[in-house]
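Listed below are the residues making up each chain.
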Amino acid sequence: MGIFSSISNAIFGSDEEEAAPVTKAKAKTAAPPQRAAISADDVAARIGSIPGAEKLNWQTSIVDLMKLVRIDPSYENRKALAQEMGNTDYSGSAEDNIALHKAVMDQMAAAGGIVPAHLKG
């Protein structure tokens, strides 16, 4: 599982938790779970309801967002997350961290909280 998957699953729950039981007859035609896009405000509300959210600056800080969902915010993990999000030039600068936070929040909203197949690792 990738870092984005870990963040999204910590906030919205695991994709597998929402999948309906699949019988052998349905197994070949079962589509992955999907949700409609949600607003950035909906994502923020969901994150803000996590215990301890009021003590961290998760609204703008990727480090604090990762801390909130109990993922090590080390440079190595942030770099791996940036690569998952398509940024191969991540240096860990403040600008990179702001862009990474925005990319994560945008991707969660666009996918409705479900981890897109291309980001599952």
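Structure: see above.
Read on for a plain summary of the structure. (Residues numbered from 1 in each chain as written. Predicted model: local features only at pLDDT ≥ 70, side-chain atom pairs only at ≥ 80, totals over all residues. Heavy atoms only, no water.)

Things to note about the environment of Ala53
What counts, and what does not: Segments assigned H or I by DSSP are reported as helices when at least four residues long, segments assigned E as strands when at least two residues long, and all are numbered from the N terminus. Residue contacts are counted whenever heavy atoms from the two residues lie within 4.5 Å of one another.
Mapped onto the secondary structure, Ala53 falls in the loop between helix H3 (40-48) and helix H4 (62-68). Distance in space between the C-alpha atoms of Ala53 and Asp64 is 9.0 Å, their sequence separation being 11 residues. Discounting chain neighbours no more than four positions away, the residues touching Ala53 are Ile47, Gly48, Trp58 and Leu68.

Here we look at the nonpolar core
Put simply, the test is: Residues enter a nonpolar core if they are buried and are Ala, Val, Leu, Ile, Met, Phe, Trp, Tyr or Cys, with the set joined through side-chain atoms within 4.5 Å. The classification of residues rests on relative accessible area computed with a 1.4 Å probe and restricted to protein chains. Under 20% of the type maximum is buried, over 50% is exposed, and intermediate values are partly exposed.
Ranked by size, the top nonpolar core spans 24 residues in total, and within it Ile7, Ile11, Ile47, Leu65, Leu81, Val104 and Met108 carry the most contacts. Taken together, the elements giving at least two residues each to this core come down to helix H1 (3-12), H3, H4, helix H5 (75-84) and helix H6 (94-110).

Description of the environment of Leu56
Note that Leu56 resides in the loop between H3 and H4. For Leu56, a relative accessible area of 24% translates into the label partly exposed. Once the C-alpha coordinates of Leu56 and Lys67 are considered, the two residues, 11 residues apart in sequence, prove to be 8.4 Å apart. With residues near it in sequence (within four places) discarded, Leu56 still touches Asp64, Lys67 and Leu68.

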